[in-house]
Each structure stands twice: as C-alpha cells, then as structure tokens.
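Summary of the model geometry
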Amino acid sequence: MWLEAALLILLVLLQAGSFALLWYQGRRLRRDLITQANNVPALLTTSTLGKIEHRLDALDERLRRIDERSRSVTRTLPLTPAPAPTGPVQHAVMHNYELAQQLAREGSALEVLMERCGLSRNEAELVQRLYADRS
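Just so it is clear, the model here is predicted, and its values are computed rather than measured.

With that settled, consider the overall build of the protein. The helix and strand inventory of the protein stands at four helices and zero strands. Taking all 135 residues of the protein together, the buried fraction comes to 8%. Put simply, 27% of the contacts in the protein that link residues at least 6 apart link residues at least 24 apart. For the protein, the exposed surface amounts to about 12000 Å²; the carbon and sulfur share of it is 63%.

Here we come to the nonpolar core. Counting residues in each nonpolar core, the largest one holds ten residues, listed as L99, A100, L103, A104, L110, L113, C117, L119, A124 and V127. Of all elements in the fold, only α2 (88–106), α3 (110–117) and α4 (121–131) reach the threshold of two or more residues within this core. Considering each element in turn, this core owes the most residues, four residues, to α2. Sequence-distant contacts of V127, that is, excluding residues within four places in its chain, are made with A100, Q101, A104, L119 and A132.

Moving on to the packing of α3 against α4. In the contact formed by α3 and α4, the axes pass within 9 Å of each other and the chain directions differ by 115°. Note that α3 runs across α4; the crossing there is right-handed. Across the interface between the two elements, L110, E111, L113 and M114 from α3 touch R121, A124, E125 and Q128 from α4.

Rules and cut-offs
Residues numbered from 1 in each chain as written. Predicted model: local features only at pLDDT ≥ 70, side-chain atom pairs only at ≥ 80, totals over all residues. Heavy atoms only, no water. Helix = DSSP H or I, 4+ residues; strand = E, 2+ residues; numbered from the N terminus. Buried < 20%, exposed > 50% of the residue type's maximum accessible area, 1.4 Å probe, protein only. Contact = heavy atoms within 4.5 Å. Areas by Shrake-Rupley, 256 points an atom, 1.4 Å probe, with all protein chains shown as cover. Core = buried A, V, L, I, M, F, W, Y, C linked by side-chain atoms within 4.5 Å. Axes fitted to C-alpha atoms, helices over the stretch in contact; angles between N-to-C directions. Left-handed = near helix turned anticlockwise from the far one by under 90°.

The structure is reproduced here in structure tokens:
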C-alpha cells in the first residue's frame with residue numbers, strides 16, 4: 001500500500017514538473033519572439049532613415065543647383081518691364097476687350113467670347129464675372 005502511494009505521489013510530482021517545464025519554455029519562447037520582433041523594426045527603421053537621408057541630400061544638391069542657375073539667370077536678365085504695345089496693336093487689343101465687355105453684358109457664352117474676341121478661357125470667365133448682367 002505504501003509503495004502504491006509513493007508511486008502515485010511520484011507521478012503527481014513528475015506531472016507537475018512537466019507542466020512547470022512546459023510553462024517556462026513557453027514564456028521563454030514568447031520573450032524571444034518579442035525580442036526578435038522588436039529588433040527587426042529597429043533595423044528597418046535604421047535602413048529607412050538612411051535612405052531618407054540620402055534622398056534629402058540629393059534634393060538639397062538639386063535645390064542648390066537650381067538656386068545657382070536662377071541667380072545666374074537673374075543676373076543676365078534685365079529687370080525693366082517689356083514696353084506696352086502701341087499703335088494699331090494696342091487699339092485692336094483694347095477693341096477686343098471692349099467687345100468682350102459688351103458681349104458679356106448681353107449674356108454671351110464663354111465660347112463666343114473666346115472665338116470673337118480672341119480671349120483665353122480664363123480671360124473670358126473673368127470678363128463674364130465682371131460684366132455679365134446679374135439681374
């Protein structure tokens with residue numbers, strides 16, 4: 001009887017030890033996975049930051065070149081405005097705008113203003129907004 005009780009206690013202790021060992025192994029595996037998972041983003045972050053830094057350096061260099069070119073162009077271009085057209089050209093331009101104003105007051109469509117007066121779409125829209133009859 002004592003032998004059977006001792007074997008039963010021994011089996012219970014072995015079972016408890018097995019469960020404890022499995023539990024400890026599970027915790028260790030989870031901890032290792034978390035550590036590995038935390039290390040991967042750090043490596044990816046470092047790599048990504050290096051790429052971003054490289055691109056920023058390239059953009060800075062391009063911006064510096066563009067700035068140098070614009071300075072050289074500014075030095076070579078005169079700063080005086082172009083003269084306004086005079087004579088028959090100015091008269092034709094003014095006539096077109098006066099005609100556009102009159103057509104807009106009469107309620108003409110954008111396409112009519114563009115075709116008859118030689119205006120761009122934006123100019124025709126502006127003339128319509130300014131001079132169209134709002135009644």
